[in-house]
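# Secondary and tertiary structure notes
Spelled out, the chains give:
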Amino acid sequence: MKQFLAFVKKEFFHIFRDTRTMLILLGMPIVQIILFGFAITTEVKNSKIAVMDLSRDATTQKIIQKLQANEYFTVVEDVQNPDRIDELMKAGKVSMIVVFDSDFESNMLHTGEASVQLIVDATDPNQATTMTNYATSILTQYQQEMSTTYRASFVLTPQTRMLYNPQMEGAYNFVPGVMGLILMLICAMMTSIAIVREKERGSMEVLLASPIKPIFIIISKAVPYFILSIVNLITILLLSVFVLKVPIAGSLVLIMLASLVFILVALLLGLLISNVVNTQVAAMLISGMGLMMPAMLLSGMIFPIESMPAILQWFSSIIPARWYIEMIRKLMIQGVDGIYVIKEFAILTLMVLVLLGVSLKKFKIRL
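Notes on the structure in this doc start here. (Residues numbered from 1 in each chain as written. Predicted model: local features only at pLDDT ≥ 70, side-chain atom pairs only at ≥ 80, totals over all residues. Heavy atoms only, no water.)

Within the protein, the secondary structure is distributed over 14 helices and 5 strands. Considering the protein as a whole, with its 367 residues, one finds that 43% of them fall into the buried category. At a minimum sequence separation of 6, the contacts of the protein that also span at least 24 residues come to 76%. Surface summary for the protein: the accessible area is close to 19,000 Å², and the carbon and sulfur share equals 64%. (Helix = DSSP H or I, 4+ residues; strand = E, 2+ residues; numbered from the N terminus. Buried < 20%, exposed > 50% of the residue type's maximum accessible area, 1.4 Å probe, protein only. Contact = heavy atoms within 4.5 Å. Areas by Shrake-Rupley, 256 points an atom, 1.4 Å probe, with all protein chains shown as cover.)

Dropping the structure here:
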């Protein structure tokens, strides 16, 4: 029994001496419970909306106050010009615009009926449906209050207009997300494993001792995955258009350019991972847990970022997949011009430069 306890004690010492193992054993459960507990939610909260009030009477102001006071919506702008509606939607500043007709209060009091239009960004059908239901519920509640106050029957008729995806096809939403996940999987995970495999086998020493400069050895390992990612990108686009019937509304050149920048980011992430680990198992855990899970949960691919706590919203801003998916949705589904994706493109370009500098600095030319 004494010998058995000694072996158990020895194993504990081995675990405690390995910092990475301790982080995986004790830190990963904490990260997972926070992500799954706060990021995964079917509710849509703090959705940014705008209001276009053509009537500007007491009734419309009360409805706007109810929308603002609700936890599901945040009114960010009072639209004065109808041309501003399309600009707000394409820029991604709002997800829904509520339009009140002129003489709204007068029509309600005299005829008992008034109409309000809900213009919704339907690139994410589930989110669009949820927001529409929330807004309709608020309007119905106010309609009942008016009926009770005036002891008469009033009807508020919401007219819904779904932009970019009027058929409410789910493929319009998940295709950009799948593109980001596949490119991240091929580039980051496979690149990190390929380089670490050379370390495990001991062949990296031979490669570094060859006449070829070390940087060219690393680039030569990354090039095949870069080309394979381009092939995957073309395949996904062809399947999306001809099989899933998802149209490419924007510029194909901009889509390809944005994808190439994202591929570079993923490749550099894989290179960075390969610099800090020495085993394929560790590379898979870091690239899988550290990249794939946040890319799925915090990129806005499945769950709306606005509904997450502020700390997770901040953390999502450093995830490359978030900006890539937003950019592809705008270019591919909404068909926006390049000026509307400058922010996302600039952030990904900055990530390329930062990761390149860090990866080159961390790269060890001696084992």
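Structure's up, so let's keep going.
For helix H6 (residues 125–150), spanning 26 residues, the distance from its first C-alpha to its last is 37 Å, which sits close to the expected 38 Å at 1.5 Å a residue. Along H6, the residues classified as buried are Pro125, Gln127, Ala128, Thr130, Met131, Thr132, Tyr134, Ala135, Ile138, Leu139, Tyr142 and Met146. Two residues or fewer past H6, arginine 151 is found with a positive phi of approximately 50°. (Expected span 1.5 Å × (residues − 1).)

Counting residues in hydrophobic clusters, the biggest one holds 75 residues, and the most contacted among them are Ile97, Met179, Met184, Tyr324, Met332 and Leu348. When residues in this core are grouped by element, the largest group, 14 residues, is from helix H7 (residues 171–201). Each residue touching methionine 332, except ones within four places of it in the same chain, is listed here: Val175, Met179, Leu237, Ser240, Val246, Pro247, Ile248, Ala249, Gly250 and Ile255. (Core = buried A, V, L, I, M, F, W, Y, C linked by side-chain atoms within 4.5 Å.)

Take the packing of helix H3 (residues 58–69) against H6 next. When two helices pack together, their arrangement is captured by the angle between the axes and the distance separating the axes. In the contact formed by H3 and H6, the axes pass within 10 Å of each other and the chain directions differ by 135°. Taken together, the axes of H3 and H6 lie oblique to each other. Regarding H3 and H6, the two cross each other, and that crossing is right-handed. Seen from H3, the contacting residues are Thr59, Lys62, Ile63, Lys66 and Leu67; seen from H6, they are Ile138, Leu139, Tyr142 and Glu145. Looking at side-chain class alone, the contact of H3 with H6 contains 5 nonpolar, 1 polar and 3 charged residues. (Axes fitted to C-alpha atoms, helices over the stretch in contact; angles between N-to-C directions. Parallel < 35°, antiparallel > 145°, perpendicular 65-115°, else oblique. Left-handed = near helix turned anticlockwise from the far one by under 90°. Nonpolar A, V, L, I, M, F, W, Y, C, P; charged D, E, K, R; others polar.)

Turning our attention to H3. Structural remark: α-helix, 3.6 residues per turn; residues separated by three or four positions point the same way. An ideal rise of 1.5 Å per residue puts 16 Å on 12 residues; H3 measures up with 16 Å between its terminal C-alpha atoms. The set of residues buried in H3 consists of Thr59, Thr60, Ile63, Ile64 and Leu67. Angular distribution of buried residues about the axis of H3 spans 135°; they occupy a single face of the element. Within H3, the exposed residues directed more than 90 degrees away from the buried face are Gln65 and Ala69. Where H3 is buried, its residues contact strand S1 (47–53), strand S2 (73–78), strand S3 (96–100), helix H5 (104–111), H6 and strand S5 (155–163). Regarding H3, its N-cap is aspartate 57, as a side-chain oxygen of that residue lies 3.1 Å from the backbone nitrogen of threonine 59 further along. (Arc of directions from axis to C-beta. Polar contact = N/O pair within 3.5 Å; in protein donor to acceptor, adjacent residues only side chain to side chain.)

Evaluated as defined, the whole model comprises 7 salt bridges. Among the salt bridges present, the one from glutamate 326 reaches arginine 322, with a minimum N-O distance of 3.2 Å. Here glutamate 326 and its partner arginine 322 are both found in helix H13 (residues 320–334), 4 residues apart, which amounts to about one turn of the helix. Accessibility expressed as a relative area gives 22% for glutamate 326, which makes it partly exposed. The class for arginine 322 is buried, based on a relative accessible area of 14%. Across the pair lysine 330 and glutamate 344 runs a salt bridge, and its minimum N-O distance is 2.9 Å. (Salt bridge = Lys/Arg side-chain N within 4 Å of Asp/Glu carboxyl O.)

Looking now at the packing of aromatic side chains. Enumeration over the complete set of coordinates arrives at 3 aromatic pairs. When the ring of phenylalanine 100 is compared with that of phenylalanine 104, the centres are 5.3 Å apart and the planes differ by 85°; the resulting orientation is edge-to-face. Looking at phenylalanine 100, the relative accessible area reads 0%, which means it is buried. When the centroid spacing of 4.3 Å and the interplanar angle of 10° are considered together, the rings of phenylalanine 262 and tyrosine 324 count as stacked. A residue pair is termed long-range when its members are at least 10 positions apart, and phenylalanine 262 in helix H10 (residues 252–276) and tyrosine 324 in helix H13 qualify at 62 residues. Residue phenylalanine 262 shares its accessibility class with tyrosine 324, and that shared class is buried. The ring of tryptophan 323 is capped by arginine 322, whose NZ or CZ atom sits 4.5 Å from the centre of that ring. (Phe/Tyr/Trp six-rings, centres within 6.5 Å; stacked < 30°, edge-to-face > 60°. Lys NZ or Arg CZ within 6 Å of the ring centre and 35° of its normal.)

Within S1, 6 of the 7 residues are buried, which leaves it mostly tucked inside the rest of the structure. Where S1 and S2 come together, 5 bridges link them in parallel fashion. Within the sheet, the bridge partner assigned to alanine 50 lies in S2 and is glutamate 77. In this fold, the crossover linking S1 to S2 by way of H3 has right-handed handedness. Note: S1 against S3, 5 bridges, orientation parallel. In the strand pairing of S3, alanine 50 is matched with isoleucine 97. (Pairing = 2+ DSSP bridges. Right-handed = clockwise from strand over helix to strand, strands pointing away.)

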